[in-house]
Amino acid sequence: PYKIMNRKELLKLLKRKDLKGEGGVMYDDIMESLPKAEKIIQNLTTDGKIIQIQRPCDKKRVLYFYDHTTDIEIDGEFVKQWRSISVDGLDTQKIEDYLDKQGIRSMQDQGIRRVAVPKRKKASVNRKKKAPKDNEHLADVLEDYDEKGAKVER
């Protein structure tokens, strides 16, 4: 399905799909398109240039470009605090109440909300279909024929 012949073209395809937000490419499609695909995909995965994800619904593999520009370094202390807080048994309202008691305001939607106004359906107008008009300006050119194809005199 894809016109790719080497490792660079595979990376270029995956990067283009990533930048356009189209998602990944099926592993089977790459196997059909690329010679020595198994080895190339294995090398790119170990180099950390692509990611292979197995879909839970049908167990097929999907390849994605791994964009390292989005890597973020997070402080270990922050990660430790994040994991120490459990919110399993709490609903959203209880969490907001707790944050208010601690003096932390939860984020509120600040954007302008547009309410979708339902469009009214226009009443259908019963129009009479007009029969085709004779081309009176072509009266001297037009000729009549019967079902057999013979010319009929007027």
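Shown above is the structure to which this text applies.
Residues numbered from 1 in each chain as written. Predicted model: local features only at pLDDT ≥ 70, side-chain atom pairs only at ≥ 80, totals over all residues. Heavy atoms only, no water.

### As for the packing of aromatic side chains
- In total, this model carries one aromatic pair according to the counting rule given.
- An angle of 35° between the planes, with centres 6.1 Å apart, marks the rings of Phe78 and Trp82 as tilted. Taken as a pair, Phe78 and Trp82 lie in helix α4 (residues 76-84) at a separation of four residues, close to a single helical turn.
- On the accessibility criterion, Trp82 (64% relative accessible area) is exposed.
- One Lys or Arg, Arg61, reaches over the ring of Tyr27 and ends 3.8 Å from the middle of that ring. (Phe/Tyr/Trp six-rings, centres within 6.5 Å; stacked < 30°, edge-to-face > 60°. Helix = DSSP H or I, 4+ residues; strand = E, 2+ residues; numbered from the N terminus. Buried < 20%, exposed > 50% of the residue type's maximum accessible area, 1.4 Å probe, protein only. Lys NZ or Arg CZ within 6 Å of the ring centre and 35° of its normal.)

### Quick look at the sheet that holds strand β3 (residues 61-65)
- With antiparallel pairing, the three strands of this open sheet are ordered in space as β1-β3-β2. Strand pairing shows two members of the sheet lacking a second neighbour, β1 (25-26) and β2 (50-54), which therefore form its edges.
- Helix α1 (residues 7-20) contacts β1, β2 and β3 of the sheet and is inclined by roughly 80° relative to β3.
- Most of the contacts of helix α3 (residues 37-47) go to β2, to which it runs at about 105°, and overall it touches β2 and β3. (Pairing = 2+ DSSP bridges. Contact = heavy atoms within 4.5 Å. Axes fitted to C-alpha atoms, helices over the stretch in contact; angles between N-to-C directions.)

### Description of a negative patch on the surface
- A grouping of Asp71, Glu73, Asp75 and Glu77 is seen on the molecular surface, where their side chains present a negatively charged patch.
- In this structure, Asp71 sits in the loop between β3 and α4. (Patch = residues over 30% accessible without salt bridge, like charges linked within 9 Å, V, L, I, M, F, W, Y side chains within 5 Å. Areas by Shrake-Rupley, 256 points an atom, 1.4 Å probe, with all protein chains shown as cover. Salt bridge = Lys/Arg side-chain N within 4 Å of Asp/Glu carboxyl O. Lys, Arg positive; Asp, Glu negative; His and termini not counted. Charge placed at Lys NZ, Arg CZ, Asp CG, Glu CD.)

### What about unusual backbone geometry?
- The phi dihedral of Lys36 falls on the positive side, at around 60°, and the residue is not glycine.
- With respect to the helices and strands, the residue Lys36 is situated in the loop between α2 (27-33) and α3.
- If you check the backbone angles, Lys59 has positive phi at about 65° while not being a glycine.
- Within the secondary structure, Lys59 sits in the loop between β2 and β3.

### Some points on the nonpolar core
- Ranked by internal contacts, the top residues of the largest apolar core, which has 16 residues, are Leu10, Leu14, Ile30, Leu34, Ile41, Ile50 and Leu63.
- Among residues more than four places away in sequence, those in contact with Ile50 are Leu11, Leu14, Ile41, Leu44, Thr45, Leu63, Tyr64 and Tyr66. (Core = buried A, V, L, I, M, F, W, Y, C linked by side-chain atoms within 4.5 Å.)

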